[in-house]
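# A closer look at the structure
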Amino acid sequence: MKRGRGISTFLVKCIVVAFFCLLIATYGCTSLRLLADHDQKTEEYVTNLQKKVQSFLTKLESSPQAPESHFSKCSESYEQFKNDISSIRVRVKALSQNELTQEQIEILANTLKEFRELHEKKGFMNPSVVVSFETKVNEIFINILKFEIAKKRG
Amino acid sequence: MDFKIDFEKVLKDMAESAIPKLISGGTAAAKIAQTEFQKYLLSVKNVNELLSEHEIDKEDADFLMGVNRSALQVALLTASGINRLAVESAINAALNVLNSALEAALGTAAKSIVL
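Residues numbered from 1 in each chain as written. Chains lettered and ligands numbered in written order. Predicted model: local features only at pLDDT ≥ 70, side-chain atom pairs only at ≥ 80, totals over all residues.

All right, on to the overall build of chain B then. Across its full length, chain B carries two helices and zero strands. Relative to the compact-globule value of 13 Å for 115 residues, chain B shows a C-alpha radius of gyration of 26 Å, a clear excess of over 25%. Principal-axis analysis of the C-alpha atoms gives chain B an extent of 90 × 15 × 10 Å. Per-residue burial over chain B gives 28% buried out of 115 residues. Taking all contacts inside chain B whose residues are at least 6 apart in sequence as the whole, residues at least 24 apart take part in 91%. (Helix = DSSP H or I, 4+ residues; strand = E, 2+ residues; numbered from the N terminus. Rg over C-alpha atoms; globule rule 2.2 N^0.38 Å. Buried ≥ 20, exposed ≤ 12 C-beta atoms within 10 Å, placed from the backbone. Contact = placed C-beta atoms within 7 Å.)

Written as structure tokens, this is what we have:
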């Protein structure tokens, strides 16, 4: 009788220890996430778009009055930017806890859209505007990438 | 069963592991914000100069001011994100300390059952 009670106490202790082990295994090993993880695709897509925008702006800067710099000859580039932005938008929206990056992409999309509208209205872009825009749009790209890289954590 | 945790020590260790991460993340975010505000002011100055020298017209200037604001906004979102990452890292560091303390206490408890 006494031996049976000893065994059951031992079993209860084992169950308590197993419970704590399970608790630590379940919650102890998982780390808290306040933001989405780094996404290699987002980084690649943003970098590719930056290259396209840079090459386009270099063309507008180097020959501002050339026929190929007129808005009517640039629709293909603008369509490409639009499609790229659309792919990036879908990608960043698919990831949870990625609202800050989503907001950054919307601002980038809006900035490119406004540039397009100004170009459409003016026909040819003023090179001074192109140079100032280039600096700022690159700052936007850098900050989007800086944040994406920071998400690598550590 | 011997399941003991020195809560005061654990709390102190949790704070010690979390606070430096919060400070470094906050400093990095503040540095980004400060640099970006300086860049913004310089850009505004540059646009005003271009406008006064008639290099650009009013419409161009309005557009560039909008772009400057957008660039600042994106930079501040990055600063905010980096700050959030620091908070996350601080919480995880503190949880790791708690986890280790629990594991150690559990180890002692398990030994007391076996022995």
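Structure's up, so let's keep going.
One non-glycine residue, Gln 97 of chain A, lies in positive phi territory at about 55°. Within the secondary structure, Gln 97 of chain A is located in the loop between helix 3 (75-94) and helix 4 (99-122). One non-glycine residue, His 54 of chain B, lies in the positive phi region at around 60°. Among the secondary structure elements, His 54 of chain B is positioned in the loop between helix 1 (7-52) and helix 2 (58-114).

Contact with chain B, which involves 37 residues of that partner, is made by 35 residues of chain A. For the side of chain B that touches chain A, the secondary-structure elements that each account for two or more residues are helix 1 and helix 2 of chain B. Among the elements that line the side of chain B that touches chain A, the one with the most residues is helix 2 of chain B, at 30 residues. Among the residues making up the side of chain B that touches chain A, the classes are represented as 21 nonpolar, 11 polar and five charged. (Nonpolar A, V, L, I, M, F, W, Y, C, P; charged D, E, K, R; others polar.)

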